[in-house]
Amino acid sequence: MIRDIRRPYYRNLLLFFAAVAVGGFLLGYPLPALLVAAFACLLWQLFQQGRLIQWLRNGARSEPPDAGGLWGMVFDHFYSVQRDHRQQVRHYQNVISRIQTSTQALRDGVIQLDRQGALEWWNPAAEALLSLKPLDQGQLLTNLLRDPTFVRFYNKGEMSETVQLENPAFPDRYIDVSMTIYGKGERLLLIRDTTRIKQLEQMRQDFVANASHELKTPLTVLKGYLESILTFGGDLPPALSKGLTNMEAQTQRMDNLVNDLLVLTRLDAEVQHSVRQRVDVGELLEKIAADARELSNDRGHRISVHLESDTALQGDASELHSAISNLVYNAVNYSPDGSDIELKWKASAAGGFIAIHDQGIGIDPRHIPRLTERFYRVDPGRSSARGGTGLGLAIVKHILQHHQARLDIASVPGRGSVFTCCFPAERVLAAAERSDKTA
Ligand code: ADP
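A short tour of the structure in this document, coming up.

### Notes on the sheet that holds strand 8 (residues 312–315)
Each strand in a sheet pairs with its neighbour through backbone hydrogen bonds, running either in the same direction (parallel) or in the opposite one (antiparallel).
Stage number 1. Strand order in this open sheet of three strands is 6-8-13, and the pairing throughout is antiparallel. The open sheet is flanked by strand 6 (277–279) and strand 13 (428–429), the only strands paired with a single partner.
Stage number 2. Bridge count between strand 8 and strand 13: two bridges; the pairing is antiparallel. By the bridge assignment for strand 13, Ala312 is matched with Leu429.

As structure tokens, then:
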């Protein structure tokens, strides 16, 4: 902090001129004496200013020039500001070099972009992953990663998302890119090679698809024989008839399971889903409600459809039928006989919402986040008894992802559940523009 020395400074100055005036008066030349003193003062100030400029021009690294009073303070102040500044620069240089050393050791690629999106700096992993050259510095990243999925992700600037791409530098290799925006719009990209994960994922998909296909034929043969044998009905010994009926039920369960696995495999394989039909939601819900009444049969559920909007949905009609019917059949399966099940459709600026309300057994909140996992069941015994495969909600989730939609689940144990499919507003077709948007 700078000491306030104005008072002693002005006092000394005043004393000096008073002494000169008295001396000059005694010698008989008070005015010339004052003028000479003022000129000497000016020269002194100019001399000190010259020293200051010279010292600053030399970088102000050496000790400041020796001086007392005001000029001494000025030199000291400049010196301490310069010293603090140098210390700060040294500190930040250390931090930067530590960060660079650690990011250089990272196995994931790190790329720093400036505000215009041009490459500023990258670590060796990024260089190897994307085959970057020193010449790429200053290039726009979107010129190197031209994949439309990446460009959309980049322009959206959504930091919580990651995007998976085929590596433009090495075909058949895959990368995951996530992005952080900081400062005044600079970006940091984290790039990870996901080829191995992708290969394992592909192996898993192929295995499930092949196993399901291989099981399908023997199951069909088994089912056929069992059905034929069971046509003899009363002619069969009771013990054998019971065993065969049981076998038929279990074969049917396996068949359902294999069919669901095949559906999931097909859904898994389709990353880009291009079917965009006009789906009349009212018609769809009425049809599913009719099928659900048949499923409920003598259990007497009261199944009703409520349309709060005459808008339609843009999507894949057969996939949407499969997703919504899964939810409605679950409502039938997990609700007591004679209870109400409502299928609702409403649309607003926020999007389109198909909700299935039931007054069933409900779900404990701790299970809700895991319900769409494959084979996750709250009560495996009850699910199997109702012919469930544990794959229904996983299928629903995949189908909704194809439609950029999500599944919301709200439930109170013992009171019932609401499963809502939330579609983005772009998928909602107003009655007037239905035919325009239909592909
Ligand atoms: P499942 O074939 O077992 O019905 P799903 O994937 O369709 O498999 O559902 C997963 C689990 O979620 C079910 O086993 C059940 O425990 C629970 N569940 C689904 N829908 C409902 C519902 N409407 N009410 C209560 N529980 C439900």
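Now, onward.
### Here's the deal with a nonpolar patch on the surface
Stage number 1. Among the surface-exposed residues, Phe39, Leu42, Leu43 and Leu46 lie close enough to one another that they form a single nonpolar patch of about 410 Å² accessible area.
Stage number 2. Of note, Leu43 is situated in helix 2 (residues 30–57).
Stage number 3. Judged by its relative accessible area of 45%, Leu43 falls in the partly exposed class.

### Looking at helix 12 (residues 392–402)
Because each turn of an α-helix spans 3.6 residues, side chains separated by three or four positions end up pointing in the same direction.
Stage number 1. In terms of burial, helix 12 is a largely internal element, nine of the 11 residues being buried.
Stage number 2. Within the sequence span of helix 12, burial applies to Gly392, Leu393, Ala394, Ile395, Val396, His398, Ile399, Leu400 and His402.
Stage number 3. On its buried side, helix 12 packs onto helix 8 (238–269), helix 10 (317–333), strand 11 (406–412) and strand 12 (416–423).
Stage number 4. At the C-terminal side of helix 12, Gln404 shows a positive phi close to 50°.

### Side note on the packing of aromatic side chains
Stage number 1. Within the structure shown, the criterion is met by seven aromatic pairs.
Stage number 2. Between Trp55 and Phe75, the ring centres sit 6.5 Å apart and the planes meet at 75°, which makes this aromatic pair edge-to-face. Of this pair, Trp55 sits in helix 2 while Phe75 is found in helix 3 (residues 69–105), placing the two residues 20 residues apart along the sequence. Pair check on accessibility: Trp55 and Phe75 agree, each one buried.
Stage number 3. With a centroid separation of 6.2 Å and an interplanar angle of 50°, the aromatic rings of Trp55 and Tyr79 are classed as tilted. Placement of Trp55 in helix 2 and of Tyr79 in helix 3 is noted, with a sequence separation of 24 residues between them.
Stage number 4. Ring pairs connect the aromatic residues Trp55, Trp71, Phe75 and Tyr79, which therefore count as one cluster.

Cut-offs applied
- Residues numbered from 1 in each chain as written.
- Predicted model: local features only at pLDDT ≥ 70, side-chain atom pairs only at ≥ 80, totals over all residues.
- Heavy atoms only, no water.
- Pairing = 2+ DSSP bridges.
- Helix = DSSP H or I, 4+ residues; strand = E, 2+ residues; numbered from the N terminus.
- Patch = residues over 30% accessible without salt bridge, like charges linked within 9 Å, V, L, I, M, F, W, Y side chains within 5 Å.
- Areas by Shrake-Rupley, 256 points an atom, 1.4 Å probe, with all protein chains shown as cover.
- Salt bridge = Lys/Arg side-chain N within 4 Å of Asp/Glu carboxyl O.
- Buried < 20%, exposed > 50% of the residue type's maximum accessible area, 1.4 Å probe, protein only.
- Contact = heavy atoms within 4.5 Å.
- Phe/Tyr/Trp six-rings, centres within 6.5 Å; stacked < 30°, edge-to-face > 60°.

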